[in-house]
Amino acid sequence: MSVVGQDRKSGSGCYLRWLLFLSLLFLGLVAAVCLGLNLIFLVAYLVCACHCRRDDAVQTKQHHSCCITWTAVVAGLICCAAVGVGFYGNSETNDGAYQLMYSLDDANHTFSGIDALVSGTTQKMKVDLEQHLARLSEIFAARGDYLQTLKFIQQMAGSVVVQLSGLPVWREVTMELTKLSDQTGYVEYYRWLSYLLLFILDLVICLIACLGLAKRSKCLLASMLCCGALSLLLSWASLAADGSAAVATSDFCVAPDTFILNVTEGQISTEVTRYYLYCSQSGSSPFQQTLTTFQRALTTMQIQVAGLLQFAVPLFSTAEEDLLAIQLLLNSSESSLHQLTAMVDCRGLHKDYLDALAGICYDGLQGLLYLGLFSFLAALAFSTMICAGPRAWKHFTTRNRDYDDIDDDDPFNPQAWRMAAHSPPRGQLHSFCSYSSGLGSQTSLQPPAQTISNAPVSEYMNQAMLFGRNPRYENVPLIGRASPPPTYSPSMRATYLSVADEHLRHYGNQFPA
């Protein structure tokens with residue numbers, strides 16, 4: 001019946017592990033499906049955005065520019081909020097993992113101490129005490145009553161060894177706990193570092209997006225789109241990992257006692273495991289009988305040794321050294337008994353168990369949930385950025401095209417300024433600075449003939465140079481005005497041409513060709 005019960009328990013344990021594996025696999029598939037749907041949506045949106053018609057209306061352009069700006073701002077804020085949540089979740093998960101490691105190390109130290117005390121006491125009773133009893137047997141060979149006392153002490157020591165051998169050996173448990181603690185520290189270090197690098201990557205992408213929009217740089221915008229797509233994949237992958245870890249952790253936290261009982265079933269007795277898991281004050285310790293027998297045997301041996309010191313030493317002075325050594329050994333064994341009683345008490349190990357559960361089920365699980373929220377918000381933010389990227393690209397292209405479509409005869413065309421700076425003037429202009437210097441006469445002045453043409457820009461340049469000015473187009477519209485208008489109409493241009501004609505006639509009458 002016991003074999004059948006063990007088979008059922010092992011079968012149920014395998015079934016539960018299989019269900020847990022299937023649930024984690026299902027969560028991974030759900031995350032993969034969500035990633036696929038997200039990519040399909042992004043591809044469809046990008047295709048629609050690339051094939052939609054361009055609206056040349058000014059209000060529509062301004063509306064698109066405002067929409068792109070606010071979309072980028074919202075995506076950046078969501079990304080920053082996600083990184084903040086991720087930092088908090090990463091810190092909480094790290095605290096929970098290290099609290100678990102500290103609890104495991106503390107419990108490991110307790111178990112190692114129990115094994116050390118048991119092995120040390122057994123060594124004293126089986127080896128050291130036997131040596132002293134053998135020498136005393138040679139000394140007390142002529143006294144049968146003393147030999148009987150030594151035999152009784154040897155029987156008590158044997159009973160102590162038998163009782164100590166009934167205590168559980170924690171060597172395998174200690175090795176498992178050490179391995180678990182090392183693996184937890186290794187995985188947690190690289191997990192924490194990976195998420196830290198992911199946070200930095202997200203912030204750098206946000207910075208690149210802001211610089212690209214501010215400088216209207218297509219290179220930065222393309223870099224943002226590529227890095228955003230990579231971060232989107234990493235966000236969904238981290239969401240799948242966080243969700244699976246959170247489900248596994250919550251499954252453990254629902255019934256941690258049952259899980260530990262199933263794991264330690266073949267190594268430690270169920271009574272001992274329950275004693276440390278529940279630590280009920282009303283329940284009795286499974287080590288109470290062993291420790292009581294140990295204490296009684298030590299007390300009996302100490303009484304027998306004290307009697308031999310009192311009655312046998314006056315007759316056999318050579319036995320005093322061995323008897324004092326046995327007495328010292330029994331006193332150290334009693335001290336070890338008190339330490340062992342304190343170590344096997346359930347309160348210390350139960351506290352370590354509760355601390356480990358708090359680290360896993362509170363800090364660790366809460367941190368995983370916050371990291372899952374970070375992954376979702378980051379995926380949302382980068383999806384928004386990727387959607388806004390083509391709009392911004394088209395907006396940059398449209399602005400450049402409209403900028404190149406300005407009329408070359410436009411006095412406010414900055415492109416004409418750049419062309420004039422690299423091209424010579426149309427006519428050879430003479431300086432008229434001597435007109436007011438008195439070094440010549442008015443008749444010696446031969447100003448160039450001014451011909452009225454349809455190129456007002458050239459006329460304005462000539463007029464500007466006549467008055468000692470630099471041929472800069474932006475100074476031309478200042479005739480009669482304080483500043484150039486932002487835009488101009490055909491009527492305003494006609495006004496500027498008429499003003500130029502009046503100046504030409506005025507100076508043409510003063511300086512005839």
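Within every chain, residues take consecutive numbers counted from 1 along the sequence as written. With the structure being a predicted model, the display of local features is reserved for residues of pLDDT at least 70 and the display and counting of side-chain atom pairs for 80 or more, all residues being used for whole-chain, interface and lining totals. The side-chain figures draw on all heavy atoms in the structure; neither hydrogens nor water molecules are used.

- Taking an unreviewed UniProt entry as the reference, the protein chain is identified by name as Protein tweety homolog belonging to Homo sapiens.
- UniProt positions are given in the numbering used here, feature names are shortened, and annotations may be inferred rather than shown by experiment. For the protein chain, the Sequence similarities (unreviewed entry) comment in UniProt is given as "Belongs to the tweety family."
- Here the protein chain is described in UniProt, under the heading Subcellular location (unreviewed entry), as follows: "Cell membrane".

1. Quick look at the nonpolar core
Okay, step 1: If you look at the biggest cluster of nonpolar residues, it comprises 51 residues, and the most contacted ones within it are Met125, Tyr276, Met301 and Leu340.
Okay, step 2: Within the residue set of this core, elements represented by two or more residues are α2 (58-139), α3 (144-165), α4 (171-215), α7 (270-278), α8 (288-311), α9 (320-344) and α10 (346-404).
Okay, step 3: Secondary structure elements are taken from DSSP: a helix is a run of H or I of four residues or more, a strand is a run of E of two residues or more, and numbering for both begins at the N terminus. By residue number, the principal contributor to this core is α2, which donates eleven residues.
Okay, step 4: Note on contacts: a residue pair is in contact if any heavy atoms of the two residues lie within 4.5 Å. Setting aside residues no more than four positions away along its own chain, Met125 makes contact with Glu130, Ala157, Val160, Val161, Leu298, Met301, Leu329, Leu330 and Ser333.
Okay, step 5: The definition of a nonpolar core used throughout is a set of buried Ala, Val, Leu, Ile, Met, Phe, Trp, Tyr and Cys residues joined through side-chain atoms within 4.5 Å. Exposure classes here rest on a 1.4 Å probe applied to the protein chains alone. A residue is buried below 20% of its type maximum, exposed above 50%, and partly exposed in between. Judged by nonpolar contacts, the second largest core, of 20 residues, contains Ala82, Val83, Met224 and Phe374.

2. Thoughts on the side chain of Thr290
Okay, step 1: Residue position: Thr290 is located in helix α8.
Okay, step 2: Excluding its chain neighbours within four sequence positions, the residues that come into contact with Thr290 are Gln163, Leu164 and Leu167.

3. A short note on unusual backbone geometry
Okay, step 1: Even without being glycine, Cys279 reaches a positive phi, approximately 50°.
Okay, step 2: Within the secondary structure layout, Cys279 lies in the loop between α7 and α8.
Okay, step 3: By relative accessible area, which is 10% here, Cys279 ends up buried.

4. Overview of the side chain of Asp115
Okay, step 1: Within the secondary structure layout, Asp115 lies in helix α2.
Okay, step 2: The positive count covers Lys and Arg only, the negative count covers Asp and Glu only, and His and the chain ends enter neither. Within this document, salt bridges are pairs made up of a side-chain nitrogen of Lys or Arg and a carboxyl oxygen of Asp or Glu, the two lying within 4 Å of each other. Within the buried set, Asp115 has no salt-bridge partner at all; the shortest N-O distance to an opposite charge, 5.7 Å, is to Arg171.
Okay, step 3: Setting aside chain neighbours within four positions, we find Asp115 in contact with Pro168, Val169, Trp170, Arg171 and Thr174.

5. Topic: the state of the cysteines
Joining two cysteines, a disulfide is a covalent bond between their sulfur atoms.
Okay, step 1: Cysteine sulfur atoms are paired as a disulfide whenever they come within 2.5 Å of each other. Under the counting rule described, the total for this entry stands at two disulfides.
Okay, step 2: Paired by a disulfide, Cys253 and Cys361 hold their sulfur atoms 1.9 Å apart. Looking along the S-S bond of the Cys253-Cys361 disulfide, the torsion reads about -95°, which is the left-handed sense. With Cys253 in helix α5 (residues 218-254) and Cys361 in helix α10, the pair connects residues that are 108 residues apart, well separated along the chain.
Okay, step 3: Cys361 sits in the partly exposed class, given a relative accessible area of 24%.
Okay, step 4: The connectivity of the disulfides in the protein chain is 1-4, 2-3, where the numbers refer to bonded cysteines in sequence order.
Okay, step 5: With no disulfide of its own, Cys226 lies closest to Cys227 among cysteine sulfurs, the gap being 6.7 Å.
Okay, step 6: Of the residues examined, Cys226 reaches a relative accessible area of 55% and is grouped as exposed.

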